[in-house]
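One-letter residues, chain by chain:
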Amino acid sequence: MGDTSGFPSKRAKNTDAKIEDHKLSVYVWDMDETLILLKSLLNGTYAGAHGGSKDVEKGKEIGKMWEKLILDLCDDHFHYEQIENFNEPFLDSLSKFDDGRDLSDYDFDQDGFGPPKDDANKRKLAYRLRATASMYEKGLRNIFNQDLTEKWDQLYQMTDEFTDGWLSSARSFLDQCSSGKEDPTACPDSAEGKAEKSNSHCINVLVTSGSLIPSLAKCLLFRFDDLIKHRDVYSSWEVGKLQCFEWIKERFGGSNVQFCVIGDGWEECEAAEAMRWPFVQIDLRPNSSHRFPGLTLRTLGFYFSIVYGNRSTATDEVEE
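Residues numbered from 1 in each chain as written. Predicted model: local features only at pLDDT ≥ 70, side-chain atom pairs only at ≥ 80, totals over all residues. Heavy atoms only, no water.

Visitor: Go over the overall build of the protein chain with me, naming the residues and quoting the values.
Guide: Helix and strand counts for the protein chain stand at 12 helices and 5 strands. Contacts in the protein chain between residues at least 24 apart in sequence constitute 74% of all its contacts with a sequence separation of at least 6. (Helix = DSSP H or I, 4+ residues; strand = E, 2+ residues; numbered from the N terminus. Contact = heavy atoms within 4.5 Å.)

Visitor: Please provide a residue-by-residue account of helix α6 (residues 146-162), values included.
Guide: Taking 1.5 Å as the rise per residue, α6 with 17 residues should run 24 Å; its terminal C-alpha atoms sit 24 Å apart, in good agreement. Turning to α6, the residues buried within the fold contact α1 (39-42), α2 (45-48), α3 (56-77), α7 (166-179) and α9 (212-221). Between the side-chain oxygen of the N-cap and the backbone nitrogen of D147 there are 3.3 Å, and the N-cap of α6 in question is N145. (Expected span 1.5 Å × (residues − 1). Polar contact = N/O pair within 3.5 Å; in protein donor to acceptor, adjacent residues only side chain to side chain.)

Visitor: Outline the packing of aromatic side chains, listing residues and values.
Guide: The tally for this structure, following the rule as stated, stands at 16 aromatic pairs. Residues Y106 and Y127 carry aromatic rings whose centres are separated by 5.2 Å and whose planes lie at 75° to one another, so their mutual orientation is edge-to-face. Remark: Y127 occurs in helix α5 (residues 119-138) and Y106 occurs in the loop between α4 (80-83) and α5; sequence separation between them is 21 residues. Since its relative accessible area comes to 2%, Y127 is described here as buried. (Phe/Tyr/Trp six-rings, centres within 6.5 Å; stacked < 30°, edge-to-face > 60°. Buried < 20%, exposed > 50% of the residue type's maximum accessible area, 1.4 Å probe, protein only.)

Visitor: Summarise α5; cite the residues concerned and give the values.
Guide: With 20 residues, α5 ought to run about 28 Å at 1.5 Å a step, and its terminal C-alpha atoms sit 29 Å apart, in line with that. Backbone geometry just downstream of α5 places G139 in the positive-phi region, at approximately 85°.

Visitor: Give a detailed account of a nonpolar patch on the surface, specifying residues and quantitative values.
Guide: Taken together, the side chains of F302, I306 and V307 present a nonpolar region at the surface, about 290 Å² in accessible area. With respect to the element layout, I306 can be found in helix α12 (residues 297-308). (Patch = residues over 30% accessible without salt bridge, like charges linked within 9 Å, V, L, I, M, F, W, Y side chains within 5 Å. Areas by Shrake-Rupley, 256 points an atom, 1.4 Å probe, with all protein chains shown as cover. Salt bridge = Lys/Arg side-chain N within 4 Å of Asp/Glu carboxyl O.)

Visitor: With reference to specific residues and values, describe the pattern of salt bridges.
Guide: Inspection of the entire model under this criterion finds 14 salt bridges. Between D72 and K68 there is a salt bridge whose closest N-O contact spans 2.7 Å. Remark: K68 and D72 occur in helix α3; sequence separation between them is 4 residues, near one turn of the helix. The partly exposed category is assigned to D72, whose relative accessible area is 29%. By relative accessible area, which is 55% here, K68 ends up exposed. When the shortest N-O distance is used, the salt bridge between R285 and D283 registers 2.6 Å.

Visitor: Tell me what's going on with the confidence of the model for the protein chain, and back it up with residues and numbers.
Guide: Across the protein chain, the average pLDDT comes to 88, with 84% of residues at or above 70. The model gives residues 185-198 a pLDDT under 50, and that stretch makes 27 contacts with residues more than four places away or in other chains. A low-confidence stretch, residues 311-320 (pLDDT under 50), is modelled with 28 contacts involving residues beyond four sequence positions or located in other chains. (pLDDT = per-residue confidence, 0-100.)

Visitor: So what's going on with the side chain of K241? Residues and values would help.
Guide: Topologically, K241 is positioned in helix α10 (residues 241-252). With a relative accessible area of 2%, K241 lands in the buried category. At a separation of 3.0 Å, a polar atom in the side chain of K241 contacts the side chain of E268. The residues touching K241, leaving out its near neighbours within four places in the chain, are D30, V207, T208, S209, S236, E267, E268 and A271.

Visitor: Lay out the pairing of strand β2 (residues 200-208) with the relevant residues and their values.
Guide: β2 sits mainly inside the fold: 8 of its 9 residues count as buried. By the bridge criterion, 7 bridges tie strand β1 (residues 23-29) to β2 in an arrangement that is parallel. Each bridged residue has a counterpart across the sheet, and for Y27 the counterpart in β2 is N204. The sheet contact formed by β2 and strand β3 (residues 233-235) spans 3 bridges and is parallel. Bridge pairing in β3 links T208 to S235. (Pairing = 2+ DSSP bridges.)

Visitor: Can you lay out the packing of α10 against helix α11 (residues 266-275) for me, pointing to particular residues and giving the numbers?
Guide: Two numbers describe how α10 lies on α11: the axes approach to 9 Å, and their chain directions differ by 45°. Our classification of the angle between α10 and α11 gives oblique. Considering only the axes of α10 and α11, their crossing is right-handed. Here K241, L242, F245, E246 and K249 of α10 come into contact with α11, specifically with E267, E268, A271, A272, A274 and M275. Class assignment for the residues of the contact of α10 with α11 results in 6 nonpolar, no polar and 5 charged. (Axes fitted to C-alpha atoms, helices over the stretch in contact; angles between N-to-C directions. Parallel < 35°, antiparallel > 145°, perpendicular 65-115°, else oblique. Left-handed = near helix turned anticlockwise from the far one by under 90°. Nonpolar A, V, L, I, M, F, W, Y, C, P; charged D, E, K, R; others polar.)

Right, here's the structure in full:
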């Protein structure tokens, strides 16, 4: 099911309506070890970076609890056991095969989905992807029962405390980026800057090296679903980050659009360089400003100004 030919032509350009006449800032995020911490908890890297002040074993236990919760959510609500081997780069990649059938009483366990890779099975996979999108829109508090919700809340709080507020500060920063309340590339003290701020839009896009369904589950569990829409989540698992970045440029690109990539890995760094987009590298070390808490819109403004050069007054931005 990994045929990715023709995908961009099937996605609407500038899907957030009426941005053509406005300045648009597109923040392209990596997920693991950027917006969330998981691998570094499991292998002790996060705790190790703190010079003995963090309990390595506690971090590993927290990571294992997240792994179980992610897998349970995928299996129980996203048909992951059925589609694990059929990763797609985004949820509407097979929309042309979806006939719009009402899925309220559809039996996903008895429709015979599986190989071969023909149009009939692509349609069944498209149904599952649409069902996943619908579940994503509901949010976990409308999916989990009270007991599971309490366990999830406790795990989130435990993780946030262990990581000194990494999760909550990352979420808060996403909110700042998406709200457009502060534009890191405009000068608020000038008439031109004020006009740009009122005439600008911002969007968060996620490009993760993980497979699509678990990545969507992570967005829900780590509470990013109201800040990153399901149609703005891309999996580079099979196609690579450069291909995803090219799709994003085709989707949002224009003379008024600026992009910025935030991540921790070499692949997004090289892809950003190939696209000539600014790249901000996240660093786990506690004394770094390129981490959570720590990263600010002012910092992003420096990167925007270096690459795009047309709005270099980010240092005048008033930080909250």
